[in-house]
Amino acid sequence: MKNYFREIPKVDKILEDEKIKLIIEKYSRKVVLDIISEITEKLRNKISIYLKSEKEIDELEKEIEISITNLITDIIYNVEALFEPNLKRVINATGTILHTNLGRALINKDIAYRLADIVSGYSNLEYNLKEGKRGERYDSFSNLICKITGAQAALAVNNNAAAVMLILNTLAKDGEVIVSRGELVEIGGKFRVPDVLRASGARLVEVGTTNKTHLSDYENAINENTKAILKVHTSNYNIIGFTENVSIASIKKNLPNTLVIEDLGSGVLVDLEKYGLKHEPTVMESINAGVDIVCFSGDKLFGGPQAGIIIGKKEYIDKIKKNQLTRAFRIDKFTVAALELVLMEYLKGDKVEESIPVLRMIKESYESVSKRAKVLFEKLKLADKNNNLILNLLDLKSQIGGGSLPGELISSRGISIKFKNISTSKAEEKLRNLNIPIIVRIVEDTILLDIRTVNSDDFDIIANSFGGLT
Ligand SMILES: *Cc1c(COP(=O)(O)O)cnc(C)c1O
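Residues numbered from 1 in each chain as written. Predicted model: local features only at pLDDT ≥ 70, side-chain atom pairs only at ≥ 80, totals over all residues. Heavy atoms only, no water.

Trainee: Give a detailed account of the side chain of Asn 169, specifying residues and quantitative values.
Mentor: Tracing the chain through its elements places Asn 169 in helix α8 (residues 160-171). Once residues lying within four places of it in the same chain are set aside, the contact partners of Asn 169 are Ser 200, Asn 323 and Leu 325. (Helix = DSSP H or I, 4+ residues; strand = E, 2+ residues; numbered from the N terminus. Contact = heavy atoms within 4.5 Å.)

Trainee: So, the sheet that holds strand β13 (residues 308-312): which residues are in play, and what are the values?
Mentor: Pairing within the open sheet is mixed, and its 7 strands lie in the order β5-β13-β12-β11-β10-β6-β9. Strands at the two margins of the open sheet, each flanked by one partner only, are β5 (153-157) and β9 (203-207). Going across the sheet, the axis of each strand differs from the next one's by a mean of 25 degrees, ignoring polarity. Pairing geometry for strand β6 (residues 176-180) and strand β10 (residues 226-232), over 3 bridges, is parallel. Within β10, the residue paired with Val 177 across the bridge is Ala 228. Along the sheet, helix α7 (residues 139-149) contacts β5, β12 (293-297) and β13; its crossing angle with β5, the most-contacted strand, is approximately 120 degrees. (Pairing = 2+ DSSP bridges. Axes fitted to C-alpha atoms, helices over the stretch in contact; angles between N-to-C directions.)

Trainee: Requested: an account of the layout of surface pockets, with residues and values cited.
Mentor: A volume near 1,500 Å³ is recorded for the largest pocket. In terms of lining residues, the largest pocket is bounded by 45 residues, among which Arg 89, Val 90, Ala 105, Leu 106 and Ile 107 are the most central. Put simply, the parts of the chain that give the lining of the largest pocket at least two residues each are β1 (91-92), β2 (96-98), α6 (109-119), α15 (333-347), α16 (352-355) and α17 (357-363). With 4 residues, the single largest contributor to the lining of the largest pocket is α6. Of the residues contributing to the lining of the largest pocket, the split by class is 17 nonpolar, 13 polar and 15 charged. By volume, the second largest pocket is sized at about 710 Å³. Around the second largest pocket sit 35 residues that line it, and Glu 183, Val 232, His 233, Thr 234 and Asn 245 are the ones nearest its centre. Broken down by class, the residue content of the lining of the second largest pocket amounts to 12 nonpolar, 15 polar and 8 charged. (1 Å grid on protein atoms, 1.4 Å probe; cavity = no way out; pocket = protein on both sides within 12 Å on 5 of 7 lines; lining within 4 Å. Points joined across faces, edges and corners; volume = space filled by probe spheres on them. Nonpolar A, V, L, I, M, F, W, Y, C, P; charged D, E, K, R; others polar.)

Trainee: Report on the side chain of Ser 355, specifying residues and quantitative values.
Mentor: Among the secondary structure elements, Ser 355 is positioned in helix α16. When sequence neighbours within four positions are dropped, the list of residues in contact with Ser 355 reads Asn 108 and Glu 345.

Trainee: Can you explain the packing of α6 against α15? Please cite residues and give values.
Mentor: One can describe the packing of α6 onto α15 by two numbers: an axis separation of 10 Å at closest approach and a directional angle of 145 degrees. α15 is crossed by α6, and the crossing has right-handed handedness. Judged by residue contacts, Ile 111, Arg 114, Leu 115, Ile 118 and Val 119 of α6 engage Lys 333, Phe 334, Ala 337, Ala 338, Leu 341, Val 342 and Glu 345 from α15. Residues of the contact of α6 with α15, tallied by class, amount to 9 nonpolar, no polar and 3 charged. (Left-handed = near helix turned anticlockwise from the far one by under 90°.)

Trainee: Explain a nonpolar patch on the surface to me, and be specific about the residues and the numbers.
Mentor: Together, Met 1, Phe 5 and Leu 51 make up an exposed nonpolar region whose accessible area comes to about 250 Å². Mapped onto the elements of the fold, Phe 5 is located in the segment before α1 (11-15). (Patch = residues over 30% accessible without salt bridge, like charges linked within 9 Å, V, L, I, M, F, W, Y side chains within 5 Å. Areas by Shrake-Rupley, 256 points an atom, 1.4 Å probe, with all protein chains shown as cover. Salt bridge = Lys/Arg side-chain N within 4 Å of Asp/Glu carboxyl O.)

Trainee: Give a description of the sheet that holds strand β17 (residues 441-443) that names residues and reports values.
Mentor: By way of backbone hydrogen bonds, the strands of a sheet pair with one another, either parallel or antiparallel. Read across the open sheet, the 5 strands follow the order β2-β14-β15-β18-β17; overall the sheet is mixed. Edge strands, defined here as strands with exactly one partner in the open sheet, are β2 and β17. For this sheet, the mean angle separating the axes of adjacent strands, direction not counted, is 40 degrees. Relative to strand β18 (residues 446-450), strand β15 (residues 404-419) is paired through 4 bridges, and the arrangement is antiparallel. What sits directly across from Ser 416, in β18, is Leu 448. Here helix α19 (residues 424-432) sits on the sheet and contacts β15, β17 and β18; the angle it forms with β18, its principal contact strand, is near 40 degrees.

Trainee: How would you summarise the packing of aromatic side chains if you had to cite specific residues and measurements?
Mentor: All told, the structure shown has 5 aromatic pairs when counted by the stated rule. Centroid distance Tyr 27 to Phe 83: 4.3 Å. Interplanar angle 20 degrees. Geometry classified as stacked. On the criterion of sequence distance, the pair formed by Tyr 27 in the loop between α2 (18-26) and α3 (29-52) and Phe 83 in the loop between α5 (71-82) and β1 is long-range, its members being 56 residues apart. For Phe 83, a relative accessible area of 39% corresponds to the partly exposed category. Put simply, the rings of Phe 296, Phe 302 and Tyr 346 touch in pairs and so form one group of aromatic residues. Taking NZ or CZ as reference, Lys 212 lies 3.7 Å from the ring centre of Phe 242, over its face. (Phe/Tyr/Trp six-rings, centres within 6.5 Å; stacked < 30°, edge-to-face > 60°. Buried < 20%, exposed > 50% of the residue type's maximum accessible area, 1.4 Å probe, protein only. Lys NZ or Arg CZ within 6 Å of the ring centre and 35° of its normal.)

Trainee: Outline the nonpolar core, listing residues and values.
Mentor: Counting 92 residues, the largest nonpolar core has Ile 310, Ile 311 and Tyr 346 as its most contacted members. At 8 residues, α15 tops the list of elements feeding residues into this core. Apart from residues no more than four positions distant in its own chain, Tyr 346 is found in contact with Ile 148, Leu 269, Val 270, Leu 301, Phe 302, Val 352, Ile 356 and Leu 359. Core analysis: the next-biggest nonpolar cluster, separate from the first, contains 27 residues, Ile 91, Phe 377, Ile 447 and Ile 462 among them. (Core = buried A, V, L, I, M, F, W, Y, C linked by side-chain atoms within 4.5 Å.)

Trainee: Break down the site of the ligand for me, citing the residues and quoting the values.
Mentor: Around the ligand, the surrounding shell consists of Arg 104, Asn 159, Asn 160, Ala 161, Ile 187, Phe 191, His 233, Ser 235, Asp 263, Gly 265, Ser 297 and Lys 300. Here Arg 104 contributes a side-chain N or O atom positioned 2.8 Å from an oxygen atom of the ligand. Between Asn 160 and the ligand, the recorded distance is 3.0 Å, taken from a backbone N or O atom to an oxygen atom. For the shell around the ligand, the secondary-structure elements that each account for two or more residues are α8 and β11 (260-265). Broken down by class, the residue content of the shell around the ligand amounts to 3 nonpolar, 6 polar and 3 charged. (Near = heavy atom within 4 Å. Polar contact = N/O pair within 3.5 Å; in protein donor to acceptor, adjacent residues only side chain to side chain.)

Next comes the structure, spelled out in structure tokens:
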């Protein structure tokens, strides 16, 4: 039996290796030393087992030899893995445009470059450059969103859940808030309207039934303790059939002295009907209907950064700004900058549908997705040098996701893939663990790639990844 202990190079010797010297310079000497001792320790254990064994174990011997040959590569691989951030870019081939698990709305690259410039340097976040004195972090964003939506004033906080909480805490604490039973929704992630209401310090008064709420239900519930009526856009499910709901316009007309707050959820600024989707109430419709305060997410259909955008009448926005919670929920300069840049795209009118990735993906025609699917299909065939893939083009249905427009599906095109050499579940796992992970849908033990949510720039990466999978 061979004494492999002697074959393990001494630490000093390893440290003299040019490649090791390079990673020490790039990362940290301490980290490299730790990894060296971890790896050599494991190797020593293996050798002890081998030497203690009665008869020769071919497999273990082979393993030890490989480990010794690959020692330097292993050390480098392990050091680099330590410096690989956990949060990274993935390719979303699921066809769900606002994928809550995959970071919801995308920000376009041009905007991202501008952001990098702002966050890596100083900025006039709270400094008024014209007057040379303290400014407000919400100013530029406010001016833009008011111009676009017609609102009087605006504010943004960390997310829409915080926005709802903040609005209720400011305007309805210790009082009653009337909500239709048809709108007492759970949004996901434990965000339930009744619980948020309670946490804000307001008391919930339920009116109507699950499917029908009338104006008289609201009228009868109003008393001297009423602080507001809260309308919640039931963005993540549909009630169809025998239903009735009271519009904001109708509430404002008949109960002009009652404060009306709306949680709009997605907050779309463009009419989605022109893409063949169901009507999704726009922010402008709420403002035009006379809502006092409305809030919505920044990273759903609005297509911007994570934020809770609050707009409406100035007297209420001013009150909200004075609430201590506003400071606790405030957005950072990254979000301030991103909101401003995204809104500037909206200011350009129809062009926004090209520059906001979420809208672009919704808008892309079936023909365009089909053409792109064909391109990837050809690239996959070329990359499949070992003839492992069974590939087919097929029609698919994309969805909006993010709790928006439930049941609304967009005709799309994609590729189904089965492997001859590995199982579908094994392949899915491998795709998930690639350097740039590819997240796919699996239906009936087949991998499906919906091209609507895949950028053509990623086609080569996808083709090579599938081609190389063993
Ligand atoms: C998504 C949603 C929320 C929560 O918004 P976040 O930005 O995720 O905090 C609240 N209300 C409604 C109606 C929603 O659809």
